[in-house]
Amino acid sequence: MTASPLQLSVVFTLGPVAVTEPVVVTWFLMLLLGGGCLLVTRRLALHPSAAQAALELLVDALQGQIRDTMRVEPAPYLPLIGTLFVFIFAANWSWLIPGVEPPTAHLETDAALALIVFVAVIWFGIRARGLRGYLATFAEPSLLMVPLNLVETLTRTFSLVVRLFGNVMSGVFVIGIVLSLVGLLVPVPLMALDLLTGAVQAYIFSVLAMVFIAGALGEAAPSQRRAGTSEKRVVR
Amino acid sequence: MNLNQPINLIQIASILGAAIAVSFGAIGPALGEGRAVAAAMDAIARQPEAANTLSRTLFVGLAMIETMAIYCLVIALLLLFANPFAH
């Protein structure tokens, strides 16, 4: 890959709409993940099959992470956070299929994902505190902080985009450059590093989404929050 | 890029700017990440039972710090591939 990472290659056009490569890969991943989950969860059993056990393990781990990070019951947030994590993970590792470029290595996919988080933060914030209560959080700790808080809301979304894009794209880019210089076997350690980066970035994206949502919830659920912390203390 | 035509000053400046942005932009985050990891190691050595929480916080913090270097990378790429002055 020596072309500009900011340009997209059009695969085919649907009438006036040009369908680019990341869109095709994204839909393929969505079909794969959604279809796979449907297939596995169609016949749920008390004595799970291997696939069902693996999925249960994943869901359980996600629930544990949400409980640890947000200190609330994970049920309302699991669909969003879990989907974000699984999709970004799959997207970051999709270059393991030869000829496929990860859709997260393009700015547009990351912008869409960050936009989902941006809207979800507002949605969960308003649902937990009401419109007035959510808007009041911008004036914390004092009214002087309103512009700063507004700017922060935008910049952290922007940094979500740039972080994911930069990490994934730079990995793809470096491998492309090394491959064009030396070819066989030398890029393999870099590829292994890329796998690690992809997994860590998926994790970080979802953790940051959790942190932002938890920040919007604030102290809205004090009973759950206190229960969570005391439970933690007991465990310690 | 045609090598026969005289080299554009803006291209030279862009390439230099990209190299400087990445190289100098990597210094600060590298120092910061080193400090963060050292502090986390210290904390884990003191309290091994808190390693889970610590490493999660460490990862998120490292990602935050790393973003600064990634910004520089994006600036460099903009200079190289999407330079508004080059055309």
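Placed above this text is the structure.
Residues numbered from 1 in each chain as written. Chains lettered and ligands numbered in written order. Predicted model: local features only at pLDDT ≥ 70, side-chain atom pairs only at ≥ 80, totals over all residues.

**Student:** So, the overall build of chain B: which residues are in play, and what are the values?
**Tutor:** A count of helices and strands for chain B gives two helices and zero strands. Computed over C-alpha atoms, the radius of gyration of chain B comes to 20 Å, more than 25% over the 12 Å expected from 2.2 N^0.38 for 87 residues, which places it beyond the range of a compact globule. A principal-axis box enclosing the C-alpha atoms of chain B has dimensions of 65 × 15 × 15 Å. A buried classification covers 15% of the 87 residues belonging to chain B. For chain B, restricting intrachain contacts to residue pairs at least 6 apart in sequence, the fraction spanning at least 24 positions comes to 85%. (Helix = DSSP H or I, 4+ residues; strand = E, 2+ residues; numbered from the N terminus. Rg over C-alpha atoms; globule rule 2.2 N^0.38 Å. Buried ≥ 20, exposed ≤ 12 C-beta atoms within 10 Å, placed from the backbone. Contact = placed C-beta atoms within 7 Å.)

**Student:** So, the overall build of chain A: which residues are in play, and what are the values?
**Tutor:** When helices and strands are tallied, chain A shows seven helices and two strands. Along its sequence from the N terminus, chain A presents helices and strands in the succession β-β-α-α-α-α-α-α-α. For the C-alpha atoms alone, the extent of chain A along its principal axes is close to 55 × 55 × 45 Å. Out of the 236 residues belonging to chain A, those deemed buried represent 27%. Here the contacts in chain A between residues at least 6 apart in sequence split such that 64% fall between residues at least 24 apart.

**Student:** Give a detailed account of the nonpolar core, specifying residues and quantitative values.
**Tutor:** The biggest cluster of nonpolar side chains holds 47 residues, and the ones touching the most others in it are Leu84, Ile88, Val117, Phe205, Ala209 and Ile213 of chain A. Elements that contribute at least two residues to this core include exactly α2 (50-70), α3 (78-92), α4 (107-136), α5 (146-181) and α6 (187-217) of chain A together with α2 (51-81) of chain B. Among all residues touching isoleucine 88 of chain A, those that are not within four sequence positions of it are Thr104, Leu113, Ala202 and Phe205 of chain A. (Core = buried A, V, L, I, M, F, W, Y, C linked by C-beta atoms within 7 Å.)

**Student:** Residue-level account of the packing of α6 of chain A against α2 of chain B, with values.
**Tutor:** It is the contact of α6 of chain A with α2 of chain B, at a shortest axis distance of 10 Å, that shows an interaxial angle of 95°. Here α2 of chain B runs roughly perpendicular to α6 of chain A, going by the angle between their axes. On α2 of chain B, the residues that touch Val200, Tyr203, Ile204, Val207 and Leu208 of chain A of α6 of chain A are Phe59, Val60 and Ala63 of chain B. For the contact of α6 of chain A with α2 of chain B, a count of residues per class yields eight nonpolar, no polar and no charged. (Axes fitted to C-alpha atoms, helices over the stretch in contact; angles between N-to-C directions. Parallel < 35°, antiparallel > 145°, perpendicular 65-115°, else oblique. Nonpolar A, V, L, I, M, F, W, Y, C, P; charged D, E, K, R; others polar.)

**Student:** Tell me about the interface of chain A and chain B, and please be specific about residues and values.
**Tutor:** Opposite the 15 residues of chain A that make contact, chain B presents twelve residues. Within the residue set of the side of chain A that touches chain B, elements represented by two or more residues are α5 and α6 of chain A. With six residues, the top contributor of residues to the side of chain A that touches chain B is α5 of chain A.

**Student:** Explain α3 of chain A residue by residue, including any values.
**Tutor:** Helical geometry note: an α-helix holds 3.6 residues per turn, so side chains three or four residues apart project in the same direction. Residues and elements named next belong to chain A. A rise of 1.5 Å per residue sets the reference length of α3, with its 15 residues, at 21 Å; its end C-alpha atoms lie 21 Å apart and thus fit the reference within 8%. Of the positions making up α3, those classed as buried are Ile81, Leu84, Phe85, Phe87, Ile88, Ala90, Ala91 and Asn92. Check the buried side of α3 and you find it contacts α1 (21-42), α2, α4, α5 and α6. (Expected span 1.5 Å × (residues − 1).)

**Student:** Describe the pairing of strand β1 (residues 10-14) of chain A, with residues and values.
**Tutor:** Residue and element names in this part refer to chain A. With zero of its five residues buried, β1 lies for the most part at the surface. Bridge count between β1 and strand β2 (residues 17-20): four bridges; the pairing is antiparallel. Residue pairing in the sheet places valine 10 in a bridge with threonine 20 of β2. (Pairing = 2+ DSSP bridges.)

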